[in-house]
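# Observations on the three-dimensional arrangement
Listed below, chain by chain, are the residues.
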Amino acid sequence: MSDEKAENVSQSDSQVENTKENGDSSKTDKVKVDILLKATGNAPIMKKKKWAVDAEKPIGWIVEFVRKYLKLEADEKLFLYVNQTFAPSPDQIIKNLYDCFGTDGKLVLHYCKSQAWG
Amino acid sequence: MANDREVLREIWDGKLPVCFQLDQEEIMEIQQPDPFYVMVPRLSYFPLVIDKMKRHFLRYISQENADNEMWMDYNGQPLKWHYPIGFLYDLYCGNDPQTPWTLTVHFSKFPGNILLHCPNKDVVEAHYMSTVKEADVLKHRGQIMSAMQKKDHNQLWLGLQNDKFDQFWAINRRLMESHGDNDGFKHIPIRIYAEDGTCTQRLISPKNIDGSRKIIQQLITELYPEKPVKLRTHGITIPLDTPLQWLSEHLSYPDNFLHICVC
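Residues numbered from 1 in each chain as written. Chains lettered and ligands numbered in written order. Predicted model: local features only at pLDDT ≥ 70, side-chain atom pairs only at ≥ 80, totals over all residues. Heavy atoms only, no water.

In the nomenclature of an unreviewed UniProt entry, chain B corresponds to Autophagy protein 5 from the organism Pieris brassicae. UniProt, in the comment section headed Sequence similarities (unreviewed entry), describes chain B in these words: "Belongs to the ATG5 family." (UniProt positions renumbered as here; feature names shortened; annotations may be inferred.)

The name given to chain A in an unreviewed UniProt entry is Ubiquitin-like protein ATG12, and the organism recorded there is Pieris brassicae. Recorded under Subunit (unreviewed entry), the UniProt text for chain A is reproduced unchanged: "Forms a conjugate with ATG5." Comment text from UniProt for chain A, heading Sequence similarities (unreviewed entry), reads "Belongs to the ATG12 family."

## Quick word on the confidence of the model for chain A
Residue and element names in this part refer to chain A. Considering every residue of chain A, the mean pLDDT works out to 82; 75% of them sit at 70 or more. Confidence, read as mean pLDDT per element, is least for strand β1 (residues 7-8) in chain A (54) and greatest for helix α2 (residues 94-101) (97). Here residues 1-5 scores under 50 on pLDDT; set against residues more than four positions off or in separate chains, the count is 14 contacts. The low-confidence segment residues 10-27, where pLDDT is below 50, has 27 contacts with residues more than four positions distant or belonging to other chains. (pLDDT = per-residue confidence, 0-100. Helix = DSSP H or I, 4+ residues; strand = E, 2+ residues; numbered from the N terminus. Contact = heavy atoms within 4.5 Å.)

## Some thoughts on the confidence of the model for chain B
Mean pLDDT over chain B works out to 95, with 100% of the residues at or above the 70 mark. Among the scores for the predicted complex, ipTM is 0.92 and pTM is 0.90.

See below:
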């Protein structure tokens, strides 16, 4: 999993860059951070787990991205957790979580289809 | 430990007079509704204190909007229900205090791009508990919250919801104890907001590198090296010599975070 390449979530994004190869992302307009998406409970596994995302995006944007990736129905729920402990607010900015809870250069997010850690 | 009980009590008792007015566009009756005045706890959340207000206005609006999600704005700025009331006031009125705080109530055109949906109070509780857990991860690696029982979590929430200081602090005091052998938290749960509401959250230690207590002056230098700023919370401009650890123990909101406005 760790040798997997980081890829941009947004394919339409003009700056298709790979943060692993292009480590100095601060030179580009948007700072990107690596997130690792791990399935928990009954949630389907994502084939690609590691993604480079715009650090200024809110968590709600990630939730929508995972929902689309997993092709969830509108009535299916999706919960996202940091540190397998708490569910961040959808309007929390990814950078804030990365700065406080990122480890080894990435932010690990667990997702599941039912409430896992209350 | 949070030992200055007078300070805790003073913060807990902080209230704001609010005047709710129904958006003119919503009014379907010939008779204009009276504004609705109420004193609300600064530490609470709007969905917990607006049941009566909602009932007051419901009879004046179009019945087709009656089941819509109600929301509020101040000067055209939609108010996020998941922020504590006192913090919202400090953010939007801190530089120019006005009481009563006059807010406009809406039953249509919900600004879903700005506000989170809040269908019921369970959603507020879930948001609140999650924020307390996040704060505990920062302070004690999450050990205190995970060691607590469900009834302790409930007591925190009920203490806040029902404005019961003793009930709340009987549990919350455990969250305010130092981490391990330290005389302080591992990190300080703190969110600092710019005037446009943008939130910055960083890993902040209560101590300097040399082990001395970090004070607000040093935090400001750390976060704003170019331009010194003032920081406000609970309607107070925080004195520069206030130690961060003391501030966190005494002036955190019930969600265990310091919510601070740059001014």
